[in-house]
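An overview of the molecular structure
Residues per chain, in single letters:
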Amino acid sequence: MTAWLFGFLATLALVSALGVILQRNPVHSLMALIVTLLVTAVFFIALGAVTIGFLQAIIYAGAIMVLFLFVIWLLNIQAEEREAGHLALKSFGALAAAALVAELLAIAGRAPAPEAAVKPSPAYGTIATLAAALFSHYLIAFEATSLLLLVAIVGAVALARRMPRRRSTAASPAAASVSATGQDVSAPEVSRRAASA
Amino acid sequence: MNHFNPGALDILWLPLVPLIVVAVGAVVVLLAGVRVSDDDSEGLGWIALAFLGAALLFTLPLIGQSSSTAFAGAIAIDNYAAYFEITVILTAAVTVLMSLEYAPDFRLAGAEYYSLLLFAALGMMLMAAAGDLIVIFLGLETMSIAVYVLSGLMRQDPRSNEAAMKYFVLGAFSTGFLLYGIALVYGATDTIKLGPIAAALAGAKGGSPLLLAGLGLLLVGFGFKVAAVPFHMWTPDVYEGAPTPVTAFMAVGIKLGAFAAFLRIFLVYFGAAATHWNQVLWVIAALTMTTGNLVALVQGNIKRMLAYSAIAHAGYVLVGMTAAGAQAGSAVLFYLLAYAFTNLGAFSVVAALERRGERRDAIADYRGLALSHPGLAALMVVFLLSLTGVPPLAGFVGKFYVFSAALNAGYVWLTIIAVLNSVVSAYYYLSVVVVMYMTEGEARPIAVQAQPGMVAALALSLIGTVMIGVYPGPYMGAASSAFKSALSHTQVSSRQLKLRG
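Predicted model, so just to flag it, every value in this text is computed and none were measured.

**With respect to the nonpolar core**
With 202 residues, the main nonpolar core has B:Phe84, B:Tyr114, B:Phe259, B:Leu263, B:Phe266 and B:Phe270 as its most contacted residues. With near-sequence residues (within four places) excluded, B:Phe270 lies in contact with B:Leu194, B:Ile197, B:Ala198, B:Leu201, B:Leu215, B:Ile265 and B:Trp277. A:Leu37, A:Ala61, A:Leu69 and A:Ile72 belong to the second largest nonpolar core, which has 6 residues in total.

This is the structure:
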């Protein structure tokens, strides 16, 4: 990557990152975050980690950001109204930030010049290498992870599906058929609980 | 590793067949349950039971094989894994038997209930067979996430909601500790495989702060899962709120799974470097026993009492771990087996007395039980006596082996604390007996019919508790051969290291 391209992208990343925290409208912040993530993905690709770059673009900039957007819509978050905030809290934040910046500067001042970058082998970071590792040395971990995700989905559905006591009409067919019967509620037993606590 | 070379891989599916059978069973139960109403989930339980039985059969050929590894060290094949797998399968089977009537009675969502139960068992078995830290972590998470959900399946009951929420938040927190510990260990040793990590710990890098910090965090992570003091705060609330069979499964299964990995890492692989961790464990063991037993004294709810008793028993296991060495390892494995049957039995009695909309889990509810249900009361006495450690029951033999291992290793004071704690525990266990036999009048009359599932669960627990206690020889033999087979991994790997070095 040429120096001017790096400079351009780095500036873009920093500006959009600033945009994330300076925007008042959460949707605008989100858009700025997408730009930051995409630029980071370009960096990954330029460094030879092609797979990670694309995963970054697809998963972070794509899937997770859509999820964010859904949450913002669900909660109906409006543009934030700036509050005065607590003075002590603000000054503490400023102090902490100043300390961090001082630390960074001190470290940057003392750090030795970076060594020449080692060119990774052409296979490094490709999907083929990743797949070979996943399906050989980490085969069991890979399979166990897929089961783990299945467990999480089953669990989330089991807890979040419609309460069985309501006659479900609009629920998904599976949930509707399992929970088609009425349900009498067990008494909360609040008093007994207080007694035994 | 640029080229995919399947010939160089040691892919052996055979030792994983029990796990695969359990996983398939979980999916089959889930699919079969699509059209089954919650009132009618008994059939699903029988399907789950059939798969557990098949898994048990497939575990048997694994016994007695020489220790080896598969999948580039991710899976350990040894008697140790088989020992824990069999115990976990039996625990899951007793839990299913206990639930056959309980689940429809409390209208737990049948398909999800039995499926998650099997998935949790799968996680425990994976932890028992794991040979590297990633697989241990994945097994732990599979087990934990399934049980978080199981403990919240009584969704109309606020206590169950509270249990699931507390367990989930604190469990996720503790998982963070474990994962951070794994990351630090990986950072210090450049490997996730237990053998090379043990070699690094015993070698020149042994004192590296990074590695020791990683070990400390691993200790905290496992401490949460086995409910050791000071990481036990979630236990009583979660045990109380969860459906009773799930509580039984938590008290026994999670301890089995977590201890299987905990013991394999610390006692088996890091045993040679025990000086790095067993002083810490000494303190944790003493605190766990004492806190568990003292707080159990004042509980008015039987599930909370058994929760604190479970904490105390984790303390006894930790006494064995502190002692380290082959004798202690076998004793601890035996203790876990004895504890499993005894605790399953005690919780079965609690579950048998509960009816929908009416949780009978206050100790006062057991008044006059000896007159109204003499059989259940007598069974409860047997299980409580075994938990106390009265001969000739399983609990006594387990404690005897663990305490004598600790004495032989020179931990006199820890053994004295443990014995004193056992004496204290007799008070609260026997006070339940007093309530059942010597208090007049039934608190709230109930009619318990003999239901086949519950009878089978009680019978299995009773047989286990009595048989292990009366004739411990074969079980102790199995425990000691299991521990030796796990130890032989470390000898092989150190020999290889010597050859290479």
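Still more ground to cover, so stick around.
**Quick word on the packing of helix α7 (residues 194–202) of chain B against helix α10 (residues 244–269) of chain B**
Residue and element names in this part refer to chain B. Running from N to C, α7 and α10 cross one another at 40 degrees; their axes reach a closest spacing of 10 Å. Between α7 and α10, the interaxial angle falls into the category oblique. In terms of crossing hand, the pair formed by α7 and α10 is right-handed. Of the residues in α10, those touching α7 at Leu194, Gly195 and Ala198 are Arg264, Ile265 and Tyr269. A breakdown of the residues in the contact of α7 with α10 according to their chemical character gives 4 nonpolar, 1 polar and 1 charged.

**Here's the deal with the pattern of salt bridges**
As enumerated under the stated definition, the model contains 10 salt bridges over all chains in all. Where A:Arg161 meets B:Glu112, a salt bridge forms, and the shortest distance between an N and an O atom there is 3.5 Å. Within this pair, whereas A:Arg161 is found in the loop between α6 (139–160) and α7 (173–178), its partner B:Glu112 is found in helix α4 (residues 110–129), the two belonging to separate chains. Using a relative accessible area of 9% as the deciding quantity, one classes A:Arg161 as buried. Exposure remark for B:Glu112: the relative accessible area of 9% places this residue in the buried category. Measuring nitrogen to oxygen at the nearest pair gives 2.2 Å for the salt bridge that ties B:Arg107 to B:Asp39.

**Some words on the domain arrangement of chain A**
For interface size, the figure often reported is the accessible area lost on association. Residues and elements named next belong to chain A. Under the domain assignment, chain A is made up of domain 1 (1–79) and domain 2 (125–159). Computed over C-alpha atoms only, the centres of domain 1 and domain 2 are separated by 26 Å. Every contact between the two is made by 4 residues of domain 1 and, on the other side, 4 residues of domain 2. Between domain 1 and domain 2 lies a buried interface of about 230 Å² when both sides are counted; carbon and sulfur atoms form 57% of it. The interface formed by domain 1 and domain 2 contains 0 salt bridges. Inspection of the domain 1/domain 2 interface yields 1 residue pair in polar contact (both at pLDDT 80 or more). Residues belonging to the side of domain 1 that touches domain 2 are distributed by class as follows: 2 nonpolar, 2 polar and no charged.

**Re the packing of aromatic side chains**
All names here are of chain B. Within the structure shown, the criterion is met by 26 aromatic pairs over all chains. Relative to phenylalanine 168, the ring of tyrosine 148 has its centre 5.5 Å away and its plane inclined at 80 degrees; by these criteria the two rings are edge-to-face. Taken together, the residues tyrosine 148 in helix α5 (residues 133–151) and phenylalanine 168 in helix α6 (residues 158–189) connect sequence positions 20 residues apart. Judged by its relative accessible area of 43%, phenylalanine 168 falls in the partly exposed class. Among the aromatic residues, ring-to-ring pairing joins Phe222, Phe259, Phe262, Phe266, Phe270 and Trp277 into one connected group.

Cut-offs and rules
- Residues numbered from 1 in each chain as written.
- Chains lettered and ligands numbered in written order.
- Predicted model: local features only at pLDDT ≥ 70, side-chain atom pairs only at ≥ 80, totals over all residues.
- Heavy atoms only, no water.
- Core = buried A, V, L, I, M, F, W, Y, C linked by side-chain atoms within 4.5 Å.
- Buried < 20%, exposed > 50% of the residue type's maximum accessible area, 1.4 Å probe, protein only.
- Contact = heavy atoms within 4.5 Å.
- Axes fitted to C-alpha atoms, helices over the stretch in contact; angles between N-to-C directions.
- Helix = DSSP H or I, 4+ residues; strand = E, 2+ residues; numbered from the N terminus.
- Parallel < 35°, antiparallel > 145°, perpendicular 65-115°, else oblique.
- Left-handed = near helix turned anticlockwise from the far one by under 90°.
- Nonpolar A, V, L, I, M, F, W, Y, C, P; charged D, E, K, R; others polar.
- Salt bridge = Lys/Arg side-chain N within 4 Å of Asp/Glu carboxyl O.
- Domains from an automatic or database assignment.
- Buried area = accessible area lost by both parts, 1.4 Å probe.
- Polar contact = N/O pair within 3.5 Å; in protein donor to acceptor, adjacent residues only side chain to side chain.
- Phe/Tyr/Trp six-rings, centres within 6.5 Å; stacked < 30°, edge-to-face > 60°.

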